[in-house]
Amino acid sequence: MKPFVYNSNPARIIFGTGTINHLPDEVKRLGIHRPLVLSTPEQSSHAAQIESLLKADGIEVAGQFNKATMHTPLDVTLEAMKFVTELNVDGLVAVGGGSTIGLGKAIALRTDLPQIVLPTTYAGSEMTPIIGQTENGVKTTQVTAKVLPEVVIYDVDFTYSLPVGLSATSGINAIAHSIEGLYAQNGNPVISLMAEEGIRALAKALPIIVENPIDKEARSDALYGAWLCGTVLGLVGMSVHHKLCHVLGGTFNLPHAETHTIVLPHALSYNAPNIPDVMKRIANALGQEDAIEGLNILLTKLKVKRALKDFGMEETGIDKAADLAVKNPYWNPRPLDRNGLREVIRRAWAGEPAM
Ligand code: NAD
(Lines give C-alpha, C1' and ligand atoms only; values in the text may rest on other atoms or scores of the structure.)
Protein backbone atom coordinates (compact mmCIF):
# COMPACT_ATOMS: atom_id res chain seq x y z
CA MET A 1 0.00 0.00 0.00
CA LYS A 2 1.19 3.51 -0.85
CA PRO A 3 1.80 5.86 2.08
CA PHE A 4 -1.03 8.33 2.65
CA VAL A 5 -2.32 11.17 4.80
CA TYR A 6 -5.93 11.08 6.00
CA ASN A 7 -7.64 14.25 7.25
CA SER A 8 -11.20 14.50 8.41
CA ASN A 9 -13.36 17.57 8.82
CA PRO A 10 -15.10 18.21 12.15
CA ALA A 11 -18.85 17.76 11.78
CA ARG A 12 -21.63 16.03 13.59
CA ILE A 13 -23.88 14.08 11.21
CA ILE A 14 -27.42 13.03 12.02
CA PHE A 15 -28.94 10.85 9.30
CA GLY A 16 -32.36 9.31 8.85
CA THR A 17 -36.05 9.94 8.36
CA GLY A 18 -37.78 12.45 10.63
CA THR A 19 -34.39 13.59 11.94
CA ILE A 20 -35.61 17.20 11.74
CA ASN A 21 -36.99 16.51 15.22
CA HIS A 22 -33.39 16.57 16.52
CA LEU A 23 -33.06 20.20 15.46
CA PRO A 24 -34.25 21.94 18.67
CA ASP A 25 -31.84 19.86 20.78
CA GLU A 26 -28.98 20.57 18.38
CA VAL A 27 -29.71 24.31 18.51
CA LYS A 28 -29.60 24.19 22.31
CA ARG A 29 -26.48 21.98 22.32
CA LEU A 30 -24.64 24.66 20.35
CA GLY A 31 -25.83 27.36 22.76
CA ILE A 32 -27.82 29.17 20.05
CA HIS A 33 -30.65 31.37 21.40
CA ARG A 34 -31.68 33.44 18.34
CA PRO A 35 -31.23 31.40 15.14
CA LEU A 36 -31.80 32.84 11.67
CA VAL A 37 -33.39 30.35 9.25
CA LEU A 38 -32.06 30.51 5.68
CA SER A 39 -33.67 29.25 2.46
CA THR A 40 -34.36 30.12 -1.17
CA PRO A 41 -37.73 31.73 -2.04
CA GLU A 42 -38.82 28.34 -3.47
CA GLN A 43 -38.19 26.63 -0.14
CA SER A 44 -39.74 29.21 2.18
CA SER A 45 -42.28 26.56 3.24
CA HIS A 46 -39.39 24.38 4.46
CA ALA A 47 -38.05 27.39 6.39
CA ALA A 48 -41.49 28.04 7.88
CA GLN A 49 -41.74 24.39 9.00
CA ILE A 50 -38.39 24.73 10.76
CA GLU A 51 -39.33 28.01 12.41
CA SER A 52 -42.53 26.44 13.79
CA LEU A 53 -40.65 23.41 15.09
CA LEU A 54 -38.12 25.58 16.91
CA LYS A 55 -40.77 27.92 18.33
CA ALA A 56 -42.79 24.94 19.58
CA ASP A 57 -39.73 24.01 21.64
CA GLY A 58 -39.51 27.49 23.15
CA ILE A 59 -36.63 28.70 20.97
CA GLU A 60 -36.87 32.36 20.06
CA VAL A 61 -36.29 32.37 16.29
CA ALA A 62 -34.75 35.68 15.17
CA GLY A 63 -36.36 35.39 11.73
CA GLN A 64 -36.18 33.91 8.27
CA PHE A 65 -34.13 35.08 5.31
CA ASN A 66 -35.54 33.47 2.16
CA LYS A 67 -33.46 35.02 -0.61
CA ALA A 68 -30.58 32.54 -1.06
CA THR A 69 -29.45 32.57 -4.69
CA MET A 70 -27.24 30.35 -6.87
CA HIS A 71 -23.47 31.16 -6.74
CA THR A 72 -23.74 33.23 -3.51
CA PRO A 73 -23.94 36.77 -4.92
CA LEU A 74 -22.33 39.36 -2.62
CA ASP A 75 -25.35 41.70 -2.57
CA VAL A 76 -27.58 38.93 -1.17
CA THR A 77 -24.98 38.07 1.49
CA LEU A 78 -24.71 41.72 2.53
CA GLU A 79 -28.50 41.99 2.81
CA ALA A 80 -28.55 38.86 5.01
CA MET A 81 -25.71 40.31 7.11
CA LYS A 82 -27.92 43.31 7.93
CA PHE A 83 -30.53 40.90 9.33
CA VAL A 84 -27.84 39.12 11.34
CA THR A 85 -26.72 42.34 13.00
CA GLU A 86 -30.10 44.01 13.46
CA LEU A 87 -31.81 40.89 14.82
CA ASN A 88 -28.96 39.85 17.16
CA VAL A 89 -28.65 36.49 15.43
CA ASP A 90 -26.35 34.03 17.21
CA GLY A 91 -26.61 30.99 14.95
CA LEU A 92 -27.75 29.84 11.49
CA VAL A 93 -30.07 27.09 10.33
CA ALA A 94 -29.83 26.58 6.54
CA VAL A 95 -32.38 24.38 4.77
CA GLY A 96 -31.77 23.73 1.09
CA GLY A 97 -29.20 22.86 -1.54
CA GLY A 98 -25.81 24.33 -2.37
CA SER A 99 -27.23 27.84 -2.87
CA THR A 100 -28.68 28.15 0.63
CA ILE A 101 -25.76 26.36 2.23
CA GLY A 102 -23.46 28.77 0.36
CA LEU A 103 -25.26 31.73 1.92
CA GLY A 104 -24.87 30.21 5.40
CA LYS A 105 -21.18 29.69 4.74
CA ALA A 106 -20.79 33.28 3.50
CA ILE A 107 -22.33 34.59 6.73
CA ALA A 108 -20.20 32.22 8.85
CA LEU A 109 -17.10 33.42 7.00
CA ARG A 110 -17.84 36.98 8.13
CA THR A 111 -19.15 36.24 11.64
CA ASP A 112 -17.97 32.79 12.79
CA LEU A 113 -21.59 32.02 13.75
CA PRO A 114 -22.36 28.31 14.28
CA GLN A 115 -24.28 26.62 11.47
CA ILE A 116 -26.75 23.74 11.41
CA VAL A 117 -27.51 22.58 7.88
CA LEU A 118 -30.36 20.47 6.50
CA PRO A 119 -29.31 19.55 2.95
CA THR A 120 -32.14 18.95 0.50
CA THR A 121 -30.17 18.21 -2.70
CA TYR A 122 -27.26 15.86 -3.35
CA ALA A 123 -24.63 18.56 -4.17
CA GLY A 124 -22.59 18.01 -0.97
CA SER A 125 -21.60 21.57 -0.06
CA GLU A 126 -22.48 20.90 3.60
CA MET A 127 -19.43 18.63 3.92
CA THR A 128 -16.83 20.95 2.43
CA PRO A 129 -14.66 23.85 3.61
CA ILE A 130 -15.17 25.42 0.16
CA ILE A 131 -17.04 28.67 -0.41
CA GLY A 132 -17.69 30.20 -3.82
CA GLN A 133 -18.90 33.81 -3.95
CA THR A 134 -19.89 36.01 -6.88
CA GLU A 135 -19.28 39.74 -7.22
CA ASN A 136 -20.01 41.64 -10.45
CA GLY A 137 -20.45 38.32 -12.26
CA VAL A 138 -17.03 36.98 -11.21
CA LYS A 139 -17.01 33.88 -9.00
CA THR A 140 -14.10 33.32 -6.63
CA THR A 141 -13.55 30.31 -4.42
CA GLN A 142 -11.87 30.08 -1.01
CA VAL A 143 -11.10 27.10 1.19
CA THR A 144 -11.36 27.74 4.93
CA ALA A 145 -12.46 25.64 7.90
CA LYS A 146 -14.40 28.72 9.10
CA VAL A 147 -17.27 27.85 6.74
CA LEU A 148 -17.70 24.22 7.80
CA PRO A 149 -21.11 23.64 9.42
CA GLU A 150 -20.99 22.36 13.01
CA VAL A 151 -23.96 20.01 12.53
CA VAL A 152 -25.49 18.43 9.42
CA ILE A 153 -28.96 16.90 9.74
CA TYR A 154 -29.84 14.70 6.78
CA ASP A 155 -33.58 14.14 6.79
CA VAL A 156 -34.85 12.02 3.91
CA ASP A 157 -38.32 13.59 4.33
CA PHE A 158 -36.98 16.89 2.99
CA THR A 159 -35.84 15.29 -0.28
CA TYR A 160 -39.14 13.90 -1.60
CA SER A 161 -40.02 17.32 -3.02
CA LEU A 162 -36.75 17.66 -4.95
CA PRO A 163 -37.97 17.69 -8.58
CA VAL A 164 -37.14 14.53 -10.54
CA GLY A 165 -34.88 16.31 -13.06
CA LEU A 166 -32.83 17.99 -10.33
CA SER A 167 -32.72 14.76 -8.32
CA ALA A 168 -31.07 13.08 -11.31
CA THR A 169 -28.56 15.81 -12.14
CA SER A 170 -27.78 16.61 -8.51
CA GLY A 171 -27.10 12.89 -7.96
CA ILE A 172 -24.68 12.83 -10.92
CA ASN A 173 -23.04 15.98 -9.51
CA ALA A 174 -22.41 13.93 -6.35
CA ILE A 175 -21.10 10.93 -8.32
CA ALA A 176 -18.65 13.31 -10.03
CA HIS A 177 -17.12 14.21 -6.64
CA SER A 178 -16.48 10.53 -5.92
CA ILE A 179 -15.15 9.73 -9.37
CA GLU A 180 -12.57 12.50 -9.08
CA GLY A 181 -11.89 11.51 -5.47
CA LEU A 182 -10.89 8.03 -6.64
CA TYR A 183 -7.98 9.45 -8.63
CA ALA A 184 -7.17 12.48 -6.45
CA GLN A 185 -3.47 13.14 -5.96
CA ASN A 186 -4.04 13.35 -2.18
CA GLY A 187 -6.48 10.41 -2.16
CA ASN A 188 -6.26 7.59 0.36
CA PRO A 189 -7.83 4.14 0.87
CA VAL A 190 -10.56 5.37 3.23
CA ILE A 191 -11.70 8.08 0.82
CA SER A 192 -11.72 5.51 -1.99
CA LEU A 193 -14.03 3.26 0.05
CA MET A 194 -16.39 6.15 0.66
CA ALA A 195 -16.24 7.18 -2.99
CA GLU A 196 -17.01 3.72 -4.32
CA GLU A 197 -19.87 3.23 -1.86
CA GLY A 198 -21.24 6.70 -2.69
CA ILE A 199 -21.30 5.93 -6.43
CA ARG A 200 -22.88 2.54 -5.79
CA ALA A 201 -25.66 3.95 -3.59
CA LEU A 202 -26.54 6.77 -6.01
CA ALA A 203 -26.32 4.64 -9.17
CA LYS A 204 -28.77 2.19 -7.60
CA ALA A 205 -31.15 4.83 -6.23
CA LEU A 206 -31.40 7.47 -8.95
CA PRO A 207 -33.13 5.39 -11.67
CA ILE A 208 -35.73 4.31 -9.07
CA ILE A 209 -36.29 7.95 -8.00
CA VAL A 210 -36.83 9.03 -11.61
CA GLU A 211 -39.64 6.47 -11.88
CA ASN A 212 -41.01 7.03 -8.37
CA PRO A 213 -39.79 10.22 -6.62
CA ILE A 214 -41.33 9.18 -3.30
CA ASP A 215 -39.67 5.76 -3.05
CA LYS A 216 -38.50 5.76 0.57
CA GLU A 217 -35.59 3.39 0.25
CA ALA A 218 -34.24 4.99 -2.93
CA ARG A 219 -34.47 8.50 -1.44
CA SER A 220 -32.65 7.28 1.66
CA ASP A 221 -29.93 5.53 -0.38
CA ALA A 222 -29.47 8.63 -2.54
CA LEU A 223 -29.05 10.93 0.45
CA TYR A 224 -26.60 8.48 2.05
CA GLY A 225 -24.64 8.40 -1.23
CA ALA A 226 -24.70 12.20 -1.37
CA TRP A 227 -23.24 12.41 2.15
CA LEU A 228 -20.40 10.07 1.19
CA CYS A 229 -19.70 11.91 -2.07
CA GLY A 230 -19.81 15.30 -0.31
CA THR A 231 -17.33 13.99 2.26
CA VAL A 232 -15.00 13.00 -0.57
CA LEU A 233 -15.34 16.47 -2.13
CA GLY A 234 -14.50 18.07 1.21
CA LEU A 235 -11.39 16.00 1.88
CA VAL A 236 -9.45 15.54 -1.36
CA GLY A 237 -8.60 17.62 -4.43
CA MET A 238 -10.69 17.60 -7.59
CA SER A 239 -9.28 17.58 -11.14
CA VAL A 240 -10.20 18.29 -14.75
CA HIS A 241 -13.91 17.50 -14.52
CA HIS A 242 -14.59 20.01 -11.74
CA LYS A 243 -12.31 22.56 -13.37
CA LEU A 244 -14.17 22.28 -16.68
CA CYS A 245 -17.57 22.60 -14.97
CA HIS A 246 -16.36 25.65 -13.04
CA VAL A 247 -15.14 27.29 -16.26
CA LEU A 248 -18.27 26.41 -18.23
CA GLY A 249 -20.71 27.40 -15.46
CA GLY A 250 -18.93 30.67 -14.72
CA THR A 251 -18.27 31.75 -18.31
CA PHE A 252 -21.55 30.76 -19.97
CA ASN A 253 -23.87 30.91 -16.96
CA LEU A 254 -24.78 27.24 -17.32
CA PRO A 255 -26.74 25.47 -14.54
CA HIS A 256 -24.50 23.73 -11.97
CA ALA A 257 -25.85 20.17 -11.68
CA GLU A 258 -26.84 19.87 -15.35
CA THR A 259 -23.35 20.92 -16.49
CA HIS A 260 -21.74 18.31 -14.24
CA THR A 261 -24.08 15.69 -15.66
CA ILE A 262 -23.22 16.46 -19.28
CA VAL A 263 -19.45 16.81 -18.83
CA LEU A 264 -18.77 13.85 -16.51
CA PRO A 265 -18.55 10.95 -19.02
CA HIS A 266 -16.40 13.03 -21.40
CA ALA A 267 -14.00 14.21 -18.69
CA LEU A 268 -13.67 10.64 -17.39
CA SER A 269 -13.01 9.39 -20.90
CA TYR A 270 -10.17 11.95 -21.20
CA ASN A 271 -8.53 10.63 -18.01
CA ALA A 272 -9.28 6.94 -18.67
CA PRO A 273 -5.95 5.92 -20.30
CA ASN A 274 -4.05 7.04 -17.16
CA ILE A 275 -6.29 5.46 -14.50
CA PRO A 276 -7.03 1.82 -15.48
CA ASP A 277 -7.52 0.60 -11.90
CA VAL A 278 -9.87 3.44 -11.03
CA MET A 279 -11.89 2.75 -14.19
CA LYS A 280 -12.43 -0.81 -12.93
CA ARG A 281 -13.56 0.44 -9.50
CA ILE A 282 -16.02 2.89 -11.08
CA ALA A 283 -17.40 0.21 -13.41
CA ASN A 284 -17.80 -2.10 -10.43
CA ALA A 285 -19.65 0.56 -8.44
CA LEU A 286 -21.92 1.23 -11.43
CA GLY A 287 -22.59 -2.49 -11.76
CA GLN A 288 -21.27 -2.58 -15.35
CA GLU A 289 -18.29 -3.99 -17.25
CA ASP A 290 -17.06 -0.59 -18.39
CA ALA A 291 -17.15 2.75 -16.54
CA ILE A 292 -17.96 4.98 -19.54
CA GLU A 293 -20.61 2.62 -20.83
CA GLY A 294 -21.95 2.42 -17.26
CA LEU A 295 -22.30 6.21 -17.09
CA ASN A 296 -23.93 6.33 -20.53
CA ILE A 297 -26.46 3.68 -19.46
CA LEU A 298 -27.17 5.49 -16.18
CA LEU A 299 -27.67 8.88 -17.89
CA THR A 300 -30.03 7.30 -20.43
CA LYS A 301 -32.11 5.78 -17.62
CA LEU A 302 -32.23 9.18 -15.91
CA LYS A 303 -33.55 10.85 -19.11
CA VAL A 304 -31.27 13.88 -18.62
CA LYS A 305 -30.19 16.37 -21.28
CA ARG A 306 -26.79 15.50 -22.75
CA ALA A 307 -25.78 18.65 -24.70
CA LEU A 308 -24.47 21.98 -23.40
CA LYS A 309 -25.94 23.63 -26.50
CA ASP A 310 -29.39 22.76 -25.09
CA PHE A 311 -28.64 25.22 -22.28
CA GLY A 312 -27.81 28.08 -24.63
CA MET A 313 -24.03 27.75 -24.95
CA GLU A 314 -22.89 28.96 -28.40
CA GLU A 315 -20.48 26.89 -30.52
CA THR A 316 -17.99 29.78 -30.43
CA GLY A 317 -17.68 29.18 -26.69
CA ILE A 318 -15.87 25.86 -27.21
CA ASP A 319 -12.49 27.48 -27.96
CA LYS A 320 -12.89 30.05 -25.21
CA ALA A 321 -13.58 27.28 -22.67
CA ALA A 322 -10.62 25.22 -23.92
CA ASP A 323 -8.31 28.23 -23.46
CA LEU A 324 -9.59 28.83 -19.93
CA ALA A 325 -9.35 25.13 -19.02
CA VAL A 326 -5.57 25.15 -19.50
CA LYS A 327 -4.96 28.70 -18.26
CA ASN A 328 -4.17 28.02 -14.58
CA PRO A 329 -2.55 24.59 -14.53
CA TYR A 330 -3.65 22.16 -11.82
CA TRP A 331 -2.97 18.50 -11.09
CA ASN A 332 -4.79 15.92 -13.21
CA PRO A 333 -4.01 12.21 -13.72
CA ARG A 334 -3.53 12.91 -17.43
CA PRO A 335 -1.52 16.00 -18.36
CA LEU A 336 -3.67 18.86 -19.65
CA ASP A 337 -3.65 19.11 -23.41
CA ARG A 338 -5.61 21.91 -25.05
CA ASN A 339 -6.63 19.92 -28.12
CA GLY A 340 -7.75 16.94 -26.06
CA LEU A 341 -9.78 19.16 -23.74
CA ARG A 342 -11.26 21.05 -26.68
CA GLU A 343 -12.58 17.73 -27.96
CA VAL A 344 -14.04 16.93 -24.51
CA ILE A 345 -15.86 20.29 -24.52
CA ARG A 346 -16.96 19.93 -28.15
CA ARG A 347 -18.48 16.52 -27.54
CA ALA A 348 -20.24 17.78 -24.39
CA TRP A 349 -21.47 20.82 -26.30
CA ALA A 350 -22.84 18.70 -29.16
CA GLY A 351 -24.30 16.03 -26.90
CA GLU A 352 -22.39 13.17 -28.52
CA PRO A 353 -22.13 10.03 -26.39
CA ALA A 354 -18.82 9.62 -24.54
CA MET A 355 -16.52 6.88 -25.79
P1 NAD B 1 -29.66 24.82 -5.45
O2 NAD B 1 -29.35 24.90 -4.01
O3 NAD B 1 -29.35 26.02 -6.28
O4 NAD B 1 -31.18 24.40 -5.62
C5 NAD B 1 -31.83 24.50 -6.88
C6 NAD B 1 -33.31 24.80 -6.68
O7 NAD B 1 -33.95 23.64 -6.13
C8 NAD B 1 -33.56 25.93 -5.67
O9 NAD B 1 -34.67 26.67 -6.10
C10 NAD B 1 -33.89 25.19 -4.40
O11 NAD B 1 -34.67 25.92 -3.49
C12 NAD B 1 -34.65 24.00 -4.95
N13 NAD B 1 -34.62 22.84 -4.05
C14 NAD B 1 -33.55 22.31 -3.44
N15 NAD B 1 -33.91 21.25 -2.71
C16 NAD B 1 -35.25 21.11 -2.86
C17 NAD B 1 -36.18 20.19 -2.35
N18 NAD B 1 -35.82 19.14 -1.60
N19 NAD B 1 -37.47 20.35 -2.67
C20 NAD B 1 -37.86 21.36 -3.50
N21 NAD B 1 -37.00 22.26 -4.03
C22 NAD B 1 -35.72 22.13 -3.71
O23 NAD B 1 -28.93 23.56 -6.15
P24 NAD B 1 -27.61 22.76 -5.81
O25 NAD B 1 -27.25 22.05 -7.06
O26 NAD B 1 -27.76 22.01 -4.56
O27 NAD B 1 -26.54 23.90 -5.51
C28 NAD B 1 -25.85 24.57 -6.53
C29 NAD B 1 -24.95 25.64 -5.93
O30 NAD B 1 -24.16 25.06 -4.89
C31 NAD B 1 -23.96 26.21 -6.92
O32 NAD B 1 -23.82 27.59 -6.65
C33 NAD B 1 -22.68 25.46 -6.62
O34 NAD B 1 -21.52 26.17 -7.02
C35 NAD B 1 -22.78 25.30 -5.13
N36 NAD B 1 -22.02 24.14 -4.60
C37 NAD B 1 -21.02 24.42 -3.73
C38 NAD B 1 -20.27 23.38 -3.19
C39 NAD B 1 -19.18 23.69 -2.20
O40 NAD B 1 -18.53 22.77 -1.72
N41 NAD B 1 -18.96 24.93 -1.85
C42 NAD B 1 -20.56 22.05 -3.54
C43 NAD B 1 -21.60 21.81 -4.42
C44 NAD B 1 -22.34 22.87 -4.94
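As shown above, the structure is provided for reference.
Every chain begins its residue count from 1, and numbering advances along the sequence as written. It should be noted that, the model being predicted, local features are given only for residues of pLDDT at least 70 and side-chain atom pairs only at 80 or more, the latter also being counted only at that level, while totals for whole chains, interfaces and linings use all residues. Remark: hydrogens and water are excluded; side-chain values derive from all non-hydrogen atoms of the structure.

1. A short note on the overall build of the chain
For helices the rule is a DSSP run of H or I covering at least 4 residues; for strands it is a run of E covering at least 2, with both sets numbered from the N terminus onward. For the chain, the helix and strand inventory stands at 13 helices and 8 strands. By the compact-globule yardstick of 20 Å for 355 residues, the chain fits well, its C-alpha radius of gyration being 20 Å. Counting only C-alpha atoms, the chain reaches 60 × 45 × 40 Å along its principal axes. Out of the 355 residues in the chain, the part that is buried amounts to 57%. Two residues qualify as a contact provided that any one of their heavy atoms is within 4.5 Å of a heavy atom in the partner residue. Nonlocal contacts in the chain, meaning residues at least 24 apart in sequence, comprise 76% of its contacts between residues at least 6 apart. Accessible surface computed for the chain: about 14,800 Å², of which carbon and sulfur atoms make up 53%. Here the positive residues are Lys and Arg and the negative ones are Asp and Glu; neither His nor the chain ends is included. For charged residues, the charge sits on one atom: NZ in Lys, CZ in Arg, CG in Asp, CD in Glu. With 31 positive and 36 negative side-chain charges, the chain shows a separation of 3 Å between the mean positions of the two kinds. Note on method: radius of gyration uses C-alpha positions; expected globular size equals 2.2 Å times residues raised to 0.38. Categorising residues by exposure relies on relative accessible area from a 1.4 Å probe, with only protein chains included: less than 20% of the type maximum marks a residue as buried, more than 50% marks it as exposed, and the intermediate range marks it as partly exposed. For the accessible areas, the method is Shrake-Rupley and the probe is 1.4 Å, while residue cover comes only from the protein chains on display.

2. Comments concerning unusual backbone geometry
One non-glycine residue, Thr72, lies in the positive phi region at around 45°. Its place among the elements puts Thr72 in the loop between strand E3 (63–65) and helix H3 (74–86). Its relative accessible area of 6% is what places Thr72 among the buried residues. If you check the backbone angles, Asp112 has positive phi at about 65° while not being a glycine.

3. A look at H3
Its 13 residues place the ends of H3 18 Å apart at the C-alpha level, agreeing with the 18 Å of an ideal helix rising 1.5 Å per residue. The set of residues buried in H3 consists of Val76, Thr77, Ala80, Met81 and Val84. In an axial view of H3, the angular spread of the buried residues amounts to 140°, which keeps them on one side of the axis. The exposed set on the far side of H3, more than 90 degrees from its buried face, consists of Asp75, Lys82, Thr85 and Glu86. By this rule the span expected of a helix is its residue count minus one, scaled by 1.5 Å. Directions from the helix axis toward the C-beta atoms define the arc.

4. Structural notes on a nonpolar patch on the surface
Like-charged residues within 9 Å of one another, or nonpolar side chains (Val, Leu, Ile, Met, Phe, Trp, Tyr) within 5 Å, are grouped into patches, provided each residue has over 30% relative accessible area and no salt bridge. Only one rule defines a salt bridge in this text: a Lys or Arg side-chain nitrogen within 4 Å of an Asp or Glu carboxyl oxygen. The grouping of Met1, Phe4, Tyr6 and Val190 at the surface amounts to a nonpolar patch, some 440 Å² of accessible area in total. Residue placement: Met1 occurs in the segment before strand E1 (12–16).

5. What about the site of the ligand?
When at least one non-hydrogen atom of a residue lies within 4 Å of a molecule or strand, that residue is treated as near it. Close to the ligand lie 22 residues, the nearest being Thr40, Gln43, Ser99, Thr121 and Thr128. Whenever a nitrogen or oxygen atom comes within 3.5 Å of another N or O atom, the pair is scored as a polar contact, on the condition that within protein one atom can donate a hydrogen and the other can accept it, and that pairs from neighbouring residues in sequence are kept only if both atoms are in side chains. A distance of 3.1 Å is found between an oxygen atom of the ligand and a side-chain nitrogen or oxygen belonging to Glu42. Separating a nitrogen atom of the ligand from a backbone N or O atom of Phe158 is a distance of 2.9 Å. Considered on its own, the ligand offers 860 Å² of accessible surface; in the complex 86% of this is hidden by protein. If you tally residues by element for the shell around the ligand, the top one is helix H4 (residues 98–111), at 3 residues. Nonpolar residues are Ala, Val, Leu, Ile, Met, Phe, Trp, Tyr, Cys and Pro. Charged residues are Asp, Glu, Lys and Arg, and all others, Gly as well, are polar. When the residues that make up the shell around the ligand are grouped by side-chain class, the tally is 7 nonpolar, 12 polar and 3 charged.

By themselves, these figures tell us nothing about what the structure is for.
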